[in-house]
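Next come the chains, spelled out residue by residue.
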Amino acid sequence: ISDTDQWKALQAHVGAIHKTHLRDLMADADRCKAMTAEFEGIYLDYARQQATTETIDKLFKLAEAAKLKEKIEKMFNGDKINSTENRSVLHVALRAPRDAVIHSDGVNVVPEVWAVIDKIKQFSETFRSGSWVGATGKPLTNVVSVGIGGSFLGPLFVHTALQTDPQAAESAKGRQLRFLANVDPVDVARSIKDLDPETTLVVIVSKTFTTAETMLNARTIKEWIVSSLGPQAVSKHMIAVSTNLKLVKEFGIDPNNAFGFWDWVGGRYSVCSAVGVLPLSLQYGFPIVQKFLEGASSIDNHFRTSSFEKNLPVLLGLLSVWNVSFLGYPARAILPYSQALEKLAPHIQQLSMESNGKGVSIDGVRLPYEAGEIDFGEPGTNGQHSFYQLIHQGRVIPCDFIGVIKSQQPVYLKGEAVSNHDELMSNFFAQPDALAYGKTPEQLRSENVSENLIPHKTFQGNRPSLSFLLSSLSAYEIGQLLAIYEHRIAVQGFIWGINSFDQWGVELGKSLASQVRKQLHASRMEGKPVEGFNPSSASLLARY
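Residues numbered from 1 in each chain as written. Predicted model: local features only at pLDDT ≥ 70, side-chain atom pairs only at ≥ 80, totals over all residues. Heavy atoms only, no water.

Looking at an unreviewed UniProt entry, one finds the chain named Glucose-6-phosphate isomerase, with Festuca ovina as its source organism. The annotation that UniProt attaches to the chain under Function (unreviewed entry) is "Catalyzes the conversion of glucose-6-phosphate to fructose-6-phosphate, the second step in glycolysis, and the reverse reaction during gluconeogenesis." Annotation of the chain in UniProt includes, under Subcellular location (unreviewed entry), the sentence "Cytoplasm". (UniProt positions renumbered as here; feature names shortened; annotations may be inferred.)

(A) Broad picture of the overall build of the chain. Assigned secondary structure in the chain consists of 23 helices and 13 strands. Counting only C-alpha atoms and orienting by the principal axes, one finds that the chain spans roughly 75 × 65 × 55 Å. Per-residue burial for the chain yields a buried fraction of 53% across its 544 residues. For the chain, contacts bridging at least 24 residues in sequence account for 74% of all contacts bridging at least 6. Within the structure as shown, the chain displays about 24,100 Å² of accessible surface, and the carbon and sulfur contribution to it stands at 53%. (Helix = DSSP H or I, 4+ residues; strand = E, 2+ residues; numbered from the N terminus. Buried < 20%, exposed > 50% of the residue type's maximum accessible area, 1.4 Å probe, protein only. Contact = heavy atoms within 4.5 Å. Areas by Shrake-Rupley, 256 points an atom, 1.4 Å probe, with all protein chains shown as cover.)

(B) Region of the structure containing the packing of aromatic side chains. Throughout the structure, instances matching the rule amount to 18 aromatic pairs. Note on Y269 and F501: the rings are 5.5 Å apart at their centroids and 50° apart in plane angle, and the pair reads as tilted. One end of the pair, Y269, is in the loop between β9 (258-259) and α13 (274-284); the other, F501, is in the loop between α21 (475-496) and α22 (507-526), and 232 residues separate them in sequence. F501 shares its class with Y269; the two are buried. Grouped by ring-pair contacts, the aromatic residues W7, W322, F326 and Y369 constitute a single cluster. One residue, K119, lies across the ring of F259, its end atom 4.8 Å from the ring centre. Seen from the ring of F251, K222 lies directly overhead, with NZ or CZ sitting 4.4 Å from the centre. (Phe/Tyr/Trp six-rings, centres within 6.5 Å; stacked < 30°, edge-to-face > 60°. Lys NZ or Arg CZ within 6 Å of the ring centre and 35° of its normal.)

(C) Highlighting the domain arrangement of the chain. Along its sequence, the chain is carved into domain 1 (5-66 + 306-496), domain 2 (108-290) and domain 3 (506-543). Each of domain 1 and domain 3 has a C-alpha centre, and the two are 44 Å apart. (Domains from an automatic or database assignment.)

(D) Region of interest: the packing of α13 against helix α14 (residues 286-305). The N-to-C vectors of α13 and α14 enclose an angle of 135°; their axes lie 7 Å apart at closest approach. When the interaxial angle is binned, α13 and α14 end up oblique. Residues V277, L280, S281 and Y284 of α13 pack against F286, I288, V289 and L293 of α14. (Axes fitted to C-alpha atoms, helices over the stretch in contact; angles between N-to-C directions. Parallel < 35°, antiparallel > 145°, perpendicular 65-115°, else oblique.)

(E) Fine view of the environment of W322. Looking at the secondary structure, you find W322 in helix α15 (residues 312-326). Distance from W322 to V14, taken between C-alpha atoms, is 9.5 Å for residues 308 residues apart in sequence. Contacts of W322, omitting those with residues within four sequence positions, involve L10, H13, V14, I17, Q50, A51, T55, L59 and L327.

(F) Inspection of helix α6 (residues 110-129) at higher detail. Here α6 spans 28 Å end to end across 20 residues, near enough to the 28 Å set by a 1.5 Å rise per residue. The complete set of buried residues in α6 reads V110, V113, W114, V116, I117, I120, F123, S124 and F127. G130 lies just past α6 and shows a positive phi near 95°. (Expected span 1.5 Å × (residues − 1).)

(G) Looking closely at the nonpolar core. Formed by 129 residues in total, the largest nonpolar core has its most connected members in F292 and F468. When residues of this core are assigned to domains, at least three map to each of domain 1 (5-66 + 306-496) and domain 2 (108-290). Apart from the residues lying within four places of it in its own chain, the contact partners of F292 are V158, V271, C272, A475, Y476, I478, G479 and L482. Ranked by size, the runner-up nonpolar core spans 23 residues in total, among them V146, M215, I221 and A240. (Core = buried A, V, L, I, M, F, W, Y, C linked by side-chain atoms within 4.5 Å.)

(H) A look at the layout of surface pockets. Considering only enclosed or pocket space, the largest pocket measures out at about 1,500 Å³ in volume. Around the largest pocket, the lining comprises 48 residues; the ones closest to its centre are I148, T211, E213, V506 and K510. Of all the elements in the fold, those that place two or more residues in the lining of the largest pocket are α10 (212-229), α16 (344-356) and α22. Here the lining of the largest pocket takes nine residues from α22, the largest share from any one element. Partitioned by chemical class, the residues of the lining of the largest pocket number 19 nonpolar, 17 polar and twelve charged. (1 Å grid on protein atoms, 1.4 Å probe; cavity = no way out; pocket = protein on both sides within 12 Å on 5 of 7 lines; lining within 4 Å. Points joined across faces, edges and corners; volume = space filled by probe spheres on them. Nonpolar A, V, L, I, M, F, W, Y, C, P; charged D, E, K, R; others polar.)

(I) Region of the structure containing the side chain of S2. Its location among the elements puts S2 in the segment before α1 (5-18). The class for S2 is buried, based on a relative accessible area of 16%. In this structure S2 touches W7, K8, P368 and Y369, once residues within four positions along its chain are discounted.

(J) Representation of the pairing of strand β1 (residues 36-39) within the structure. Only one face of β1 is covered, namely the face carrying A37 and F39; the face carrying T36 and E38 is uncovered. Connecting β1 to the next strand, strand β2 (residues 42-45), in antiparallel fashion are two residues, including E40 with a positive phi near 45°. (Pairing = 2+ DSSP bridges.)

(K) The pattern of salt bridges, seen in detail. Scanning the model with the defined rule gives 23 salt bridges in all. In this structure, D433 engages R48 in a salt bridge whose closest nitrogen and oxygen atoms are separated by 2.8 Å. Here R48 lies in the loop between β2 and α4 (53-65) and D433 lies in helix α18 (residues 420-437), a separation of 385 residues in the sequence. The partly exposed category is assigned to D433, whose relative accessible area is 28%. Across the pair R332 and D375 runs a salt bridge whose closest N-O atoms are separated by 2.7 Å. Of the two residues, R332 sits in strand β10 (residues 331-336) while D375 sits in strand β11 (residues 374-377), which places them 43 residues apart along the sequence. With relative accessibility at 1%, the residue R332 sits in the buried group. Linked by salt bridges that have partners in common, E85, R87, K207 and D263 make up one network. (Salt bridge = Lys/Arg side-chain N within 4 Å of Asp/Glu carboxyl O.)

(L) Quick look at the sheet that holds β2. Overall, mixed pairing links the six strands, which are arranged β1-β2-β13-β12-β10-β11 in an open sheet. Since the sheet does not close on itself, it has two edges, and those belong to β1 and β11, each with one partner. For this sheet, the mean angle separating the axes of adjacent strands, direction not counted, is 15°. Of the pairings in the sheet, the one linking β1 to β2 comprises four bridges and is antiparallel in character. Paired with E38 across the two strands is Y43, which belongs to β2. Where α21 meets the sheet, it contacts β1, β2, β10, β12 (399-404) and β13 (465-470), and its direction lies at approximately 150° from that of β13.

Shown next as structure tokens:
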């Protein structure tokens, strides 16, 4: 893509942008109005990007050169766009309406998806009604979901966002959902603290039922159940999200209580499969989770059918490419002014960095430009008291500000100037302007700031951000937000010409860990010396 005239035109345009300042760009009312987009009550304002309407036009031309429309269609049509693993990429099928037709290998996968959804719905209703009982006849009210990476970060984000939604909270009364991900035994101890095996159901999430960390945790939790309730309790207290029914059965779980998913779903894109839908339905009931799926589906449809000028994921993806590859800003801060979204940034870290953290093109050619983004974030206003110092006066880091008009848990105290939510949102509106405009030495002098402090109190400004304003934060909007980020990341990968759907970078560390595991076993069990490692690793292992 960097050999195209369209890429080169953007490179040549950078100089013109460097001559502008957001202070001046923001004075242009027509530009500010043009740099907005809205879909179903989600309002995007990207006027504080270091860009003009000309930049946006050039980015649309780049999208054309990269065949973006065609690549989006290929994804929705089930083409094997994950070429290194020879797989379709069909997370959109997981939330498609029942009558939709989406093919993979010539087969409409939507009926298979709905067969699993219907099974989850039925199981969750049986479970939540108290008809499903444990080994001692008690109904189960606690769920521990065991899985790592995509089997954990996405569902945890949705769970955390739903916990304080009034309707979801009402449905979850008297229930607990916890996640066990890390193989660290401390995480096991935390996830089962104060839980009674008698009233606990464990969901093991592993497509192959061979993921090393997840299966060790599964055996550890199984031991916790068996030591308290006996071996026959496993089938009553453990279920699985897996496609390997043979290993599920050998583990002691009834294969009828295994919920499948497919090779065309990547782990980090699997929240809308049984991986997320099962534990969330057990906690909140299926009707709430269905709203979440419908929200995601609404964005899928918007992404596929809207013109690029109005297309939220496309606009966001193109602006990210502009910031990373042309302006040279490698990071992005995700700043939701909503505590309910505290687990959004950790999920997007995986979604973005595992998808686009690639050094070669989809054809295996070394990239001659930077791709991928370093993602991090924290809810506002917490982040303001943490890392905003660097964003205001240190490195330039483009920011995503996410605000919600209607709080999930409004508080109005008598005698206060504003409600608690308005106090929060005052910061949401102020921070992007502080970043864009900054504060000049002249302004400081007019405030009689002493001369020696002026350099320290000067803010350069001209720091890019964009703002999302959501009408509210119910299950539907949470689904929309998830899908916006999923598709934005895909757009970036489609422009960069990389495969956003494989993750070979996670393999090497895993294979080296298996050599270490063998050494630890030999040293502990047979007293063998540490051998076959470099001097640094050998001395670290010996010390351990």
